[in-house]
Amino acid sequence: MSPEAHPAPRSLAEALRARDDASLAALLRSRPDLITPVPTDLTQLATRAGTRASVLRALERLDRFALQTAEALAVAPDPASYDTLLGLMAGDAGDETVAGALPRAVGTLREQALVWGADDRLRLVRTARELLAPSAQHPSPTGLGPTVQEATSGMSPGRIQEIVTTAGLPSTHDSVSAVAALTTLFTHRRKMAKLLAGAPEAAREVLARLVWGPPYGQVTADPAAHLRWLLDRGLLLPTTPGTVVLPREVALHLRGGRAHRTPEPLPPAVTPAAAHSPQVVDATAAGQAYTALATVEELLKDWDEGGPAVLRAGGLSVRDLKRTAVALDVSEPVAAFWTELAYAAGLIASDGEADERYAATPAYDEWLEQPPAERWARLAQAWLAVTRTPGLVGGRDAKDRTLSALGPGLDRSAAPEVRHRVLSLLAGLPQGSAPDPESVLARLHWERPLRGAQRDVQREDDLRSRLARWTLSEAEQLGVTGRGALSAHGRALLGAPSSAAGSGSAPAASAGPGDKLPVHHHRAPERLVPLSAPEQAVATAAAARLLAPLLPEPLDHVLLQADLTAVAPGPLRRPLADMLGVLADVESKGGATVYRFTPASVRRALDAGRTAADLHAFLTEHSRTPVPQPLAYLIDDVARKHGHLRVGAASAYVRCDDDTLLNEILADRRAAALRLRRLAPTVLAAPTDPATLLEGLRAMGYAPAAESAEGDVLITRAHAHRTPPRTAPEPVPDGPPAPDATLLAAAIRAIRAGDLAATAPRKPAGEPLAGGELPRTSSAETLATMQAAVLTGDSVWIGYVNAEGAASQRVIAPVRVEGGYVTAYDHTADEVRTYPLHRITGVAELADD
């Protein structure tokens, strides 16, 4: 490892000042909260990097070995050398794997400004040390206790001298030297081995129980002989009455110098559970993708005339979710997933009316017009980025309220990151390989280990593990994976490269000219970086092209059966599917869809304006088999009765040229509720609205038709209810977003310029302001100094108060002074600016060096 530049930095701010722009950019990229807002200089950046909230966030994003390294530094002397740290991580016996991985871990901690200093003086930032160092209230993750010096801080000098003497050391003149001698003994391997060799067996068993933590134990007022032996020699030290602790130095000797029982320098491998042909994986995933499209279309078709009501607190009721699950023929959790996915894609939303309901958005109609592969890509892209988590539906929030689909409380900011990471781990496997889910969870647990009290949470129960399991299930349902393995179009969606072996996709589906996938080759292939919005758009388009040839071609025909059914052997073209959905009822779905013709379904088609001749022509055109006679008879029979009765508004009336039929209706007991009365030989009236009269007559087995005031038959079509234009829900970010290259460059330039202004050496000038922050000179002195700087081309240091009254210090190079203004190049802002002279509090020349 290369040491940092000399002289050695005395603070984190000095260490940051010694970094180049690339190193600062790496820091700000890994910890974006540090530039929200952009700090004025490097001192402020260092202060912000040491705040508790920022350090906590940085520690939570470390992998297990980097966190173990930080934990070891927290129990090492401050500062510690690299060799000391290596001894804590690898132990006295050494470990080549740990030694090989430690430079990377220290580099990560340095990059994130959690560690600074040269290799001979490594320092963990104070806040991180406070969070990770052992204390009685917060045990260290290493299981180590306090040092001898910390544990004896409240002990009487006489008692310390007794311990030193009993341990076989000469007495000293003061407690400080006595504690130092005891510490030296406990850190000397040979002398400690000799001391412990004389310990009673029961005493060694006590030490063995405490060595890996927790280091605290309970003793009585009159401890047993073996405990007294340990207490007399300082191998156990009292902390509070009845409590003893194993000193850190003793524990490290018993551990062989290791701070951790099991260092984990390497991430666990993601192991394949099954291997399939890439062609089989892609075909299976394409089938799932088609099913996903059909399911979302069916959901939106079910809500086409207005979906379920919105709960007062937001979301779907449990009853409506069950009804949706029955309609889609899926379980309730799966129905929640499809509902949330359509919502994330902007296809459904609340209509905002007084009686608020969910309905399709105008974007749904546009989505329907797109090719199937592009429709799938839109769903997949929305799923990849959304923070809403359907798996939480049915659970409880912090206030013990049920979490409902489409309701509040489902956003989890970690969801997109976990989703992307799980898929990128799948992309790291050979094509066609399905992972062992437990190995995926183990890898994620290594990359983001739980800290502190969270360690008590079972891996299966923590949020990231649940998100990972949901990701594997949802990816399969959506068709991103097939048989558990990542498909070719799934790889393209991530921007991952495909192997030369290919995946079974047709050559025509490969990315065309100008469609190069945005793969980040500077990272390890398995550690794919989430794509920016433009890159994701390119990747999504490439995924759609790979999927398109794998989806079944829509058919323009059905097979009519003699039992009044029609079989669609595959997906139907939209006009055919829409018309058949009106003329017949879906009886079963699957690889082939079965439609059943009934009198009600035929009447529905006639109500939509079709005639019997239209229906016969439609079936003849689109059937590969002759139209069965029973179906032709059914259409003709319903058409013959359809419209024979006419219903209009009287409040409502029925008219019919056949007075015998009207007499039959009046004589029917079922018509009593309609309270019909004869107005004329061919007209009956009812004190109800036309719609109720229509439904009543149809329930009696008649086929009436509604008519307008002019006597024309009214054609009734399904009313498609749409919300006003709505945007898809925005993801809830997990902290500040990662800055792009432009923002990083501008932030670093501003920080450097501000640091120049804050650290530039200055000549004494006038009387300083309170606190010595800004110079103060008279107006005449300010003007004279500015004019002199214009002639010499020198830079000066000014104090400036803007129109809002905010004071700042700046380093400027005056170019022109006239009309009460000075025009100068501002090193702080890195641009030419004009300043009113009356707002300049004072000016000072910079020192010559």
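Check the entry above for the structure.
Summarised in this report is the structure supplied together with it. Predicted, not measured: the structure shown is a model, and the values here were computed from it. (Residues numbered from 1 in each chain as written. Predicted model: local features only at pLDDT ≥ 70, side-chain atom pairs only at ≥ 80, totals over all residues. Heavy atoms only, no water.)

Some points on the overall build of the chain
Argument step 1. The number of helices and strands found in the chain is 33 helices and 25 strands.
Argument step 2. Here the contacts in the chain between residues at least 6 apart in sequence split such that 67% fall between residues at least 24 apart.
Argument step 3. Carbon and sulfur atoms provide 54% of the accessible area of the chain, an area that totals close to 40400 Å². (Helix = DSSP H or I, 4+ residues; strand = E, 2+ residues; numbered from the N terminus. Contact = heavy atoms within 4.5 Å. Areas by Shrake-Rupley, 256 points an atom, 1.4 Å probe, with all protein chains shown as cover.)

A word on unusual backbone geometry
Argument step 1. At the junction of T36 and P37, the peptide bond is cis and its omega measures out at 0 degrees in the coordinates.
Argument step 2. Looking at the secondary structure, you find P37 in the loop between α2 (21-30) and α3 (42-49).
Argument step 3. Residue P79 follows D78 across a cis peptide bond; omega there is 0 degrees.
Argument step 4. Topologically, P79 is positioned in the loop between α5 (64-74) and α6 (82-90).
Argument step 5. Of note, the phi angle at L406 is positive, near 65 degrees, even though the residue is not glycine.

Re the nonpolar core
Argument step 1. Counting residues in hydrophobic clusters, the biggest one holds 92 residues, and the most contacted among them are F186, L235 and L236.
Argument step 2. If sequence neighbours within four positions are ignored, L236 has contacts with V206, L210, L227, L230, L231, V244, V245, L246 and P247.
Argument step 3. Y364, L368, A382 and A468 belong to the second-largest nonpolar core, a separate cluster that totals 69 residues. (Core = buried A, V, L, I, M, F, W, Y, C linked by side-chain atoms within 4.5 Å. Buried < 20%, exposed > 50% of the residue type's maximum accessible area, 1.4 Å probe, protein only.)

Some points on empty space enclosed by the protein
Argument step 1. Here the structure, examined in full by the defined rule, presents four cavities of 30 Å³ or more.
Argument step 2. By volume, the largest cavity amounts to about 60 Å³.
Argument step 3. In terms of lining, the largest cavity is formed by F337, E340, L341, A344, W383, V386, R388, P390, R419 and E474.
Argument step 4. Looking at the lining of the largest cavity element by element, the count peaks at four residues for helix α18 (residues 332-344).
Argument step 5. Among the residues making up the lining of the largest cavity, the classes are represented as six nonpolar, no polar and four charged. (1 Å grid on protein atoms, 1.4 Å probe; cavity = no way out; pocket = protein on both sides within 12 Å on 5 of 7 lines; lining within 4 Å. Points joined across faces, edges and corners; volume = space filled by probe spheres on them. Nonpolar A, V, L, I, M, F, W, Y, C, P; charged D, E, K, R; others polar.)

Some thoughts on the pairing of strand β21 (residues 796-801)
Argument step 1. Counting buried residues along β21, five of its six residues qualify, which places the element largely inside the surrounding structure.
Argument step 2. Relative to strand β22 (residues 807-818), β21 runs antiparallel, the two sharing six bridges. Considered in β22, the bridge of I798 is made with R810.
Argument step 3. Where β21 meets strand β25 (residues 840-845), five bridges bridge the pair, whose relative direction is antiparallel. From the neighbouring strand, G799 faces β25, where its bridge partner is G842. (Pairing = 2+ DSSP bridges.)

What to know about the sheet that holds strand β4 (residues 237-240)
Argument step 1. Pairing in this open sheet of three strands is antiparallel, and the strands run β3-β5-β4 from one edge to the other. With one partner strand each, in any of the chains shown, β3 (216-218) and β4 form the two edges of the open sheet. The mean angle between the axes of side-by-side strands here comes to 40 degrees, regardless of whether they run parallel or antiparallel.
Argument step 2. As paired strands, β3 and strand β5 (residues 243-245) are joined by three bridges and run antiparallel to one another. If you follow Q218 over to β5, its bridge partner there is T243. (Axes fitted to C-alpha atoms, helices over the stretch in contact; angles between N-to-C directions.)

Brief notes about the pairing of strand β19 (residues 683-686)
Argument step 1. Of the two faces of β19, both are covered, the one formed by V683 and A685 as well as the one formed by L684 and A686.
Argument step 2. Pairing of strand β17 (residues 652-655) with β19 involves four bridges; the strand directions are antiparallel. Looking at the pairing, V654 lines up with L684 of β19.
Argument step 3. The sheet contact formed by strand β18 (residues 677-680) and β19 spans three bridges and is antiparallel. Looking across to β19, one finds that R678 is bridged to L684.

Regarding helix α12 (residues 189-197)
Residues three or four positions apart in an α-helix share a direction because the helix packs 3.6 residues into each turn.
Argument step 1. Residues of α12 that are buried: M192, L195 and L196. Down the axis, α12 shows its buried residues gathered within 95 degrees of arc, on one side only. For α12, exposure combined with an orientation more than 90 degrees from the buried face picks out R190, K194 and A197.
Argument step 2. The inward-facing, buried residues of α12 abut α11 (175-187), α13 (201-210), α14 (225-232) and α15 (248-254). (Arc of directions from axis to C-beta.)

Comments concerning helix α31 (residues 690-699)
Argument step 1. Among the residues of α31, L693, L694, G696, L697 and R698 are the ones counted as buried.
Argument step 2. Directly beyond the C-terminal end of α31, a positive phi value near 105 degrees is found at G701.

With respect to the environment of G117
Argument step 1. Within the secondary structure layout, G117 lies in the loop between β1 (115-116) and β2 (123-124).
Argument step 2. Sequence spacing of G117 and P79 is 38 residues, and the spatial spacing of their C-alpha atoms is 8.5 Å.

Overview of the environment of G391
Argument step 1. Note on placement: G391 falls in the loop between α20 (372-385) and α21 (415-427).
Argument step 2. Placed 55 residues apart in sequence, G391 and A336 show a C-alpha to C-alpha distance of 8.0 Å.

Considering a negative patch on the surface
Argument step 1. A surface patch of negative charge is lined by D657, D658, D659 and E664.
Argument step 2. Mapped onto the secondary structure, D657 falls in the loop between β17 and α30 (659-667).
Argument step 3. The exposure class assigned to D657 is exposed, which follows from its relative accessible area of 71%. (Patch = residues over 30% accessible without salt bridge, like charges linked within 9 Å, V, L, I, M, F, W, Y side chains within 5 Å. Salt bridge = Lys/Arg side-chain N within 4 Å of Asp/Glu carboxyl O. Lys, Arg positive; Asp, Glu negative; His and termini not counted. Charge placed at Lys NZ, Arg CZ, Asp CG, Glu CD.)

What about the pattern of salt bridges?
Argument step 1. Per the stated rule, a full pass over the model turns up 33 salt bridges.
Argument step 2. Among the salt bridges present, the one from R752 reaches D21, with a minimum N-O distance of 3.0 Å. You can see R752 sitting in helix α32 (residues 741-759) and its partner D21 sitting in helix α2, a full 731 residues away along the chain.
Argument step 3. According to the relative accessible area criterion, D21 is partly exposed, its value standing at 42%.
Argument step 4. Here R204 ties to E201 by a salt bridge, and the two come within 2.8 Å at their closest N and O atoms.

Some points on the packing of helix α10 (residues 157-166) against α14
Argument step 1. Interhelical geometry of α10 versus α14 gives an angle of 105 degrees and a closest axis separation of 8 Å. By the criterion of interaxial angle, the relationship of α10 to α14 is roughly perpendicular. Seen from α10, the contacting residues are R159, E162, I163 and T166; seen from α14, they are R228, L231 and D232.
Argument step 2. Taken together, the residues of the contact of α10 with α14 break down into two nonpolar, one polar and four charged. (Parallel < 35°, antiparallel > 145°, perpendicular 65-115°, else oblique.)

Overview of the sheet that holds strand β14 (residues 585-588)
Argument step 1. On the basis of which strands lie adjacent, the open sheet formed by four strands has the order β12-β13-β15-β14 and antiparallel pairing. Edge positions in the open sheet fall to β12 (559-560) and β14, since each of these has one partner strand only.

Comments concerning the packing of aromatic side chains
Argument step 1. Within the structure shown, the criterion is met by four aromatic pairs.
Argument step 2. Here F337 and W338 contribute two aromatic rings whose centre-to-centre distance is 4.9 Å and whose plane-to-plane angle is 55 degrees, an arrangement assigned as tilted.
Argument step 3. Residue classification places F337 among the buried positions, given a relative accessible area of 4%.
Argument step 4. Owing to a relative accessible area of 4%, W338 belongs among the buried residues under this scheme.
Argument step 5. For the ring pair Y800 and Y835, a centre distance of 4.9 Å and an interplane angle of 75 degrees mean the geometry is edge-to-face. Residue Y800 is located in strand β21, and its partner Y835 is located in strand β24 (residues 831-836); the two are separated by 35 residues in the primary sequence. Just as Y800 is buried, Y835 falls in that class too. (Phe/Tyr/Trp six-rings, centres within 6.5 Å; stacked < 30°, edge-to-face > 60°.)

Some remarks on the environment of H838
Argument step 1. Structurally, H838 can be placed in the loop between β24 and β25.
Argument step 2. Judged by relative accessible area, H838 falls into the exposed class, the value being 64%.
Argument step 3. Note: C-alpha distance between H838 and G820 (18 residues apart in sequence) is 7.6 Å.

None of the figures reported here should be taken as evidence of function without further support.
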